[in-house]
Amino acid sequence: MAATGAEAADRSLLEGAAPTGDASYGATGSQPSGEREGQGERPRMSPEEVMAEVMRNADEYKRIIWNAFLKGLAPLFAEAMGTFVLVFCVGCAVTSPTPSPWAPVAIASVLTVMVYATSNISGGHLNPAVTFAMALLGKKSWSSVVSYWLFQFMGAFSAAAAYKIVCAPHLAVVAPVPPFHAGYAIGTEMIYTGLLVFTVLSCAVSKRNNPPSDPNQFFGLAIGFAALAGGFACGHISGAALNPAVAVTLGLGSGKDPHWALTWFGAELAGATMGAALFRMLRANEFASGEEAPEAEGEPPVPDYKLRCLAEFVGTFVLVLTVGLNVVSGSRATAYSAAAVLMCMICSVGDISGGHFNPAVTVAVLLSGREKILRPDAVRYVGAQLAAGALAGLVYAFYHLGSGVADKSIKLVPGKGYDTTQAALAELITTGVLAYTVLTVATVKDYKTRDVAGLVIAFALTGGSFAVGSVSGGELNPSVVLGLVLGNAINPGTGPVLNWMALLTCEFLGGMVASGVFRFTHRKEFMAPEDKETVKGLNEEADEDVEAQS
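How each quantity is defined
Residues numbered from 1 in each chain as written. Predicted model: local features only at pLDDT ≥ 70, side-chain atom pairs only at ≥ 80, totals over all residues. Heavy atoms only, no water. UniProt positions renumbered as here; feature names shortened; annotations may be inferred. Helix = DSSP H or I, 4+ residues; strand = E, 2+ residues; numbered from the N terminus. Buried < 20%, exposed > 50% of the residue type's maximum accessible area, 1.4 Å probe, protein only. Contact = heavy atoms within 4.5 Å. Areas by Shrake-Rupley, 256 points an atom, 1.4 Å probe, with all protein chains shown as cover. Axes fitted to C-alpha atoms, helices over the stretch in contact; angles between N-to-C directions. Parallel < 35°, antiparallel > 145°, perpendicular 65-115°, else oblique. Left-handed = near helix turned anticlockwise from the far one by under 90°. Nonpolar A, V, L, I, M, F, W, Y, C, P; charged D, E, K, R; others polar. Salt bridge = Lys/Arg side-chain N within 4 Å of Asp/Glu carboxyl O. Phe/Tyr/Trp six-rings, centres within 6.5 Å; stacked < 30°, edge-to-face > 60°. Lys NZ or Arg CZ within 6 Å of the ring centre and 35° of its normal. Core = buried A, V, L, I, M, F, W, Y, C linked by side-chain atoms within 4.5 Å.

Looking at an unreviewed UniProt entry, one finds the protein chain named Aquaporin, with Effrenium voratum as its source organism. Recorded in UniProt under Subcellular location (unreviewed entry), the annotation for the protein chain is "Membrane".

What follows is the structure, given as structure tokens:
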């Protein structure tokens, strides 16, 4: 059968014939030699001429190749150096005669410094568990995980060798800290490694927490404070390595029970998985695609109330658990540890729920008006916070039973020489100060405290806790009171009901008083924009105008 014109054209293309006329599939038709000459085509260079050209530009080629090489290695060397400094500090801090309460402070300080120093080069991981979590979330390729781990462990082993020279014959040992057995230690390594990883992801990786136009500057502080919280909470239980580069190198280098180093490695990777899963759960919209993906610019959408309540639950749980673990492990820095975990959780999920983690604070925000929180949401928040406190109390009770004070009941009673009235009044005043601080630095308009709000609130908790700790215990939070009461009930020994009920009631009253004081001191927050311009004492320009008219 004779082929049609179209079929003949297709066949000619398949057979390699050049098209004619208007057809063009990338092939060029024959051109007269005159046209090719008119285009000034560059003559082909001989091999000798090519080599001569390369030699003339050798320096430029070397510079390009060298810069590309250094650009690829810079992040890896930054990770190696940062991990070296961190592990060296850990080794020296835990083996030196430095008082133990200051060892977590030293380690957290160095971690904060090195995160800021290397974040713009490598991301400031300095922890194989962080890199592992990044890969789980698709934020890093698995091939880059291998290279990061190689250099992180290279820096860590070098640091372990250096610290052994400096601190010999004293060596750091990675193992459960008596009287706690392996189960307790593995549990705390998982929980607080998860907290550290979750803080890194939420503060340094989250798109919502780092808008393109105004990325946060608190990420390094939050990461350091997460390590500080874990150091005090589980340092007397597991040693608080919270980092495979620390656990493996120091554990294997000690020569004692090296299997614990590998056990800690597995526990920390499990904790990293937990932290990554929680991050993905709370920030699912950051992994959405298509129509569900968040807008790149503009105000991000308000999270669903379920996510906000989950954020409040998680933050309150780790806060109450941290207080409980400090108590049962005999820590002398409970207030520091509680303030540190409060700060890192405010920075981590404050953009989701507001970061209350305290029923008294939620009541204060509700009563302060301005629709900062609606009544149904406030009820949900308080329910989530109290439920989290109760669950943390049960976990705390489990650790209490395995501690060196298992035969003692830790009761919520006034300190020696004080009565219930004094303790309740102390809690009312200090909880009111904490709630007032939250209202003034985290809920007011046009006040640039975004990057320091968590730190300021943590200072308020630290000051209040230390100030009245010997009088009332310095809980400053109904969820903490509930968690400690339930935990002690299991031992058993809740103490007189009147005592802890008085503390609970006065903490709520403290939140109410704070809202009233706030309404009085921050009139501008409750006025219409047109009224603010004519009221003396609200802004400098209005004051100058009033004085000029008088």
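S.K.: Help me get a handle on the overall build of the protein chain, residues and values and all.
M.R.: Along its length, the protein chain carries 21 helices and zero strands. Per-residue burial over the protein chain gives 48% buried out of 550 residues. Nonlocal contacts in the protein chain, meaning residues at least 24 apart in sequence, comprise 77% of its contacts between residues at least 6 apart. Total accessible area computed for the protein chain in this model is approximately 26,900 Å², and 63% of it derives from carbon and sulfur atoms.

S.K.: How would you sum up the packing of helix H5 (residues 103–122) against helix H9 (residues 219–234)? Please name residues and give values.
M.R.: At a minimum axis distance of 8 Å, the contact between H5 and H9 shows a crossing angle of 155°. Classified by the interaxial angle, the pair formed by H5 and H9 is roughly antiparallel. Where H5 crosses over H9, the two elements pack in a sense that is right-handed. For the pair formed by H5 and H9, the contact residues are Pro104, Val105, Ala108, Leu111, Thr112, Val115, Tyr116 and Ser119 on the first element and Phe219, Gly220, Leu221, Ile223, Gly224, Ala227, Leu228, Gly231 and Phe232 on the second. Tallied by class, residues from the contact of H5 with H9 come to twelve nonpolar, five polar and no charged.

S.K.: Summarise the pattern of salt bridges; cite the residues concerned and give the values.
M.R.: Throughout the structure, instances matching the rule amount to six salt bridges. Between Glu286 and Arg283 there is a salt bridge, with the nearest N and O atoms lying 3.8 Å from each other. Neither residue differs from the other here; Glu286 and Arg283 are each classed as buried.

S.K.: Run through the packing of aromatic side chains, naming residues and quoting values.
M.R.: Two descriptors summarise a pair of aromatic rings, namely the distance from one centre to the other and the angle between the planes of the rings. Going through the model one piece at a time under the given rule, you end up with 16 aromatic pairs. Relative to Tyr184, the ring of Phe180 lies with its centre 5.7 Å away and its plane at 75°, an arrangement referred to as edge-to-face. Comparing Phe180 with Tyr184 shows no difference in burial state: the two are buried. A centroid spacing of 5.3 Å and a plane angle of 70° characterise the contact between Tyr336 and Phe466, whose relative ring orientation is edge-to-face. You can see Tyr336 sitting in helix H13 (residues 334–353) and its partner Phe466 sitting in helix H17 (residues 453–472), a full 130 residues away along the chain. Phe466 sits in the partly exposed class, given a relative accessible area of 44%. Ring pairing ties together the aromatic residues Phe180, Tyr184, Phe398 and Tyr399, which thus form one cluster. One residue, Lys140, lies across the ring of Tyr148, its end atom 4.3 Å from the ring centre.

S.K.: Kindly report on the nonpolar core, identifying the contributing residues and their values.
M.R.: Judged by nonpolar contacts, the single largest core of 131 residues is most densely connected at Tyr192, Leu201, Leu250, Leu325, Val341, Met345 and Val349. It is H13 that provides the largest number of residues to this core, a total of twelve residues. Excluding anything up to four places from it in sequence, Leu325 contacts Thr188, Tyr192, Ala233, Ile237, Tyr396 and Tyr399. Of all hydrophobic cores here, the second largest spans five residues; its members include Leu73, Leu76, Ala80 and Phe151.

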